[in-house]
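Reading the structure
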Amino acid sequence: MSRMVTSTPWGPTALALGAAALAVPTGWRLAHTVWPTDEQGHGPVILAASAWLLWRAWPAVKAAGPLDVPAWRAPSLATASVLVALALVAYVLGRSQAVLLLEVGALVALGVALLLGRWGWGGLRAAAFPMFFLLFMIPLPEALVAAVTAPLKAAVSMVATDAMQAAGLPVARNGVMITAGPYQLLVADACAGLTTLFTLEALGLLYLHLRGHAAWWRNLTLALLVVPIAFGANVLRVITLVLVTLHFGDAAGQGYAHDFAGFTLFGAALMLMLATDGVIGLARRGVLRLRGQTGRPLAEAGPA
């Protein structure tokens with residue numbers, strides 16, 4: 001006969017309240033430092049999306065880890081306890097040294113530990129994607145951002161300038177400085193940096209999760225293609241700003257059009273992802289027809 005486990009040795013409710021108390025000053029710091037910037041403005045959106053995803057997954061979390069389970073299915077309290085201890089050390093270090101990577105990352109780790117301690121490995125698996133998605137909220141190290149952003153900006157500037165020159169527009173480029181008629185525009189980090197690529201990758205993974213393709217190769221292909229899709233969307237954003245500045249002046253290009261171009265970026269990325277997914281779906285159905293199959297294999301059942 002299996003021994004039943006009805007409660008956990010350490011209080012999950014108390015730990016949840018403690019984690020929430022730690023999250024308040026961190027949220028205040030983020031709201032008054034990096035979240036108002038163009039580079040990290042996606043943070044609140046990622047947080048809200050993760051909360052919504054966790055809410056959607058919550059019935060599965062509870063079903064995977066009920067209160068009364070056989071001992072062999074009990075949550076791994078030892079693993080959760082170690083994770084809590086490590087997360088608290090990382091939080092104290094990150095908070096005291098103003099290292100947001102550690103501070104915010106520690107809170108995500110605390111959330112994972114709470115799920116594991118309260119609902120077990122099954123509950124954690126059910127909430128795996130919402131917790132993983134929270135990683136995109138963690139501010140990246142400035143050294144890494146600077147190292148990757150420079151070549152990205154140069155590449156986006158070059159492709160955008162070449163495309164506009166091919167269309168006969170009076171533009172020229174010197175590094176990341178684009179000359180459009182009498183105006184000079186500097187391609188900023190927010191227009192073509194690593195954080196923009198990071199945000200668009202998050203958007204792509206969210207789309208894949210909601211789309212729910214069962215075929216792993218299709219999800220992997222789309223996840224990899226998010227990188228060139230994000231690059232293309234950045235090129236479109238730069239071209240949009242140059243065209244607005246060229247035809248309506250520098251004030252228009254740096255005013256409302258600059259903010260509108262940000263929406264253009266994500267809208268273009270989403271449309272490119274939808275189009276790419278549609279092309280993959282058409283190619284797959286074409287291959288199935290060539291093989292003489294009238295239906296999809298059971299292992300690949302899911303949205304077309």
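Calculation criteria
- Residue numbers run consecutively from 1 along every chain, following the written order of its sequence.
- Predicted model: local features are reported for residues with pLDDT of at least 70 only, side-chain atom pairs are reported and counted for 80 or more only, and whole-chain, interface and lining totals are derived from all residues.
- Think of the side-chain values as coming from all heavy atoms in the structure, minus any hydrogens and water.
- Two strands are counted as paired when DSSP detects at least two bridges linking them.
- Elements are defined by DSSP. Helices are runs of H or I of four residues or more, strands are runs of E of two residues or more, and each kind is numbered from the N terminus.
- Angles run from 0 to 180 degrees between N-to-C directions of axes, and those axes are lines fitted to C-alpha atoms, restricted for helices to the stretch in contact.
- For this analysis, residues touch if any pair of their heavy atoms sits within 4.5 Å.
- Only Phe, Tyr and Trp rings take part, Trp by its six-membered ring, and two of them pair if their centres are within 6.5 Å. Stacked means planes under 30 degrees apart, edge-to-face means over 60, and tilted covers everything else.
- By nonpolar core is meant a set of buried Ala, Val, Leu, Ile, Met, Phe, Trp, Tyr and Cys residues that side-chain atoms within 4.5 Å join together.
- Exposure categories follow from relative accessible area, calculated using a 1.4 Å probe and restricted to protein chains: below 20% of the type maximum is buried, above 50% is exposed, and the middle band is partly exposed.
- Surface patches are drawn from residues lacking salt bridges whose relative accessible area is over 30%; two like charges belong together within 9 Å, two nonpolar side chains (Val, Leu, Ile, Met, Phe, Trp, Tyr) within 5 Å.
- For the area figures, the Shrake-Rupley method with a 1.4 Å probe applies, and any residue is considered shielded solely by the protein chains shown.
- One side-chain nitrogen of Lys or Arg within 4 Å of one carboxyl oxygen of Asp or Glu is enough to make a salt bridge.

1. Considering the sheet that holds strand 3 (residues 171–174)
Ordered by their spatial adjacency, 3 strands build an open sheet running 3-4-5, and the pairing between neighbours is antiparallel. Each end of this open sheet is capped by a strand with a single partner; those strands are strand 3 and strand 5 (183–186). This sheet shows a mean twist of 25° between the axes of neighbouring strands, independent of strand direction. Of the strand pairs in this sheet, strand 3 and strand 4 (residues 177–180) are connected by 4 bridges, and their pairing is antiparallel. Considered in strand 4, the bridge of Val171 is made with Ala180. Contacting strand 3 and strand 4, helix 6 (residues 142–166) crosses the sheet at an angle of about 160° to strand 3. Sheet contacts for helix 9 (residues 216–248): strand 3, strand 4 and strand 5; angle to strand 5, the most-contacted strand, approximately 155°.

2. Comments concerning the packing of aromatic side chains
Per the counting criterion, the structure on display carries 5 aromatic pairs. Ring centres of Trp58 and Trp119 lie 5.8 Å apart, and the angle between their planes is 85°; on these two criteria the pair is classed as edge-to-face. Of this pair, Trp58 sits in helix 2 (residues 43–64) while Trp119 sits in helix 4 (residues 100–126), and the two are 61 residues apart along the sequence. Ring centres of Phe133 and Phe136 lie 5.8 Å apart, and the angle between their planes is 50°; this geometry places the pair in the tilted category.

3. Points about the nonpolar core
Of all hydrophobic cores here, the largest spans 31 residues; its most connected members are Leu115 and Phe133. Within the residue set of this core, elements represented by two or more residues are helix 2, helix 4, helix 5 (128–133), helix 8 (194–211) and helix 9. With 7 residues, helix 4 is the largest single contributor of residues to this core. Apart from the residues lying within four places of it in its own chain, the contact partners of Leu115 are Trp58, Val61, Gly120, Leu124, Ala127 and Met131.

4. Re a nonpolar patch on the surface
Taken together, Leu93, Val99, Leu101 and Leu102 make up a surface patch of nonpolar side chains, about 290 Å² in accessible area. Relative to the elements of secondary structure, Leu102 occurs in helix 4. Residue Leu102 is classed as partly exposed on the basis of its relative accessible area of 32%.

That's the geometry; what it means functionally is another story.
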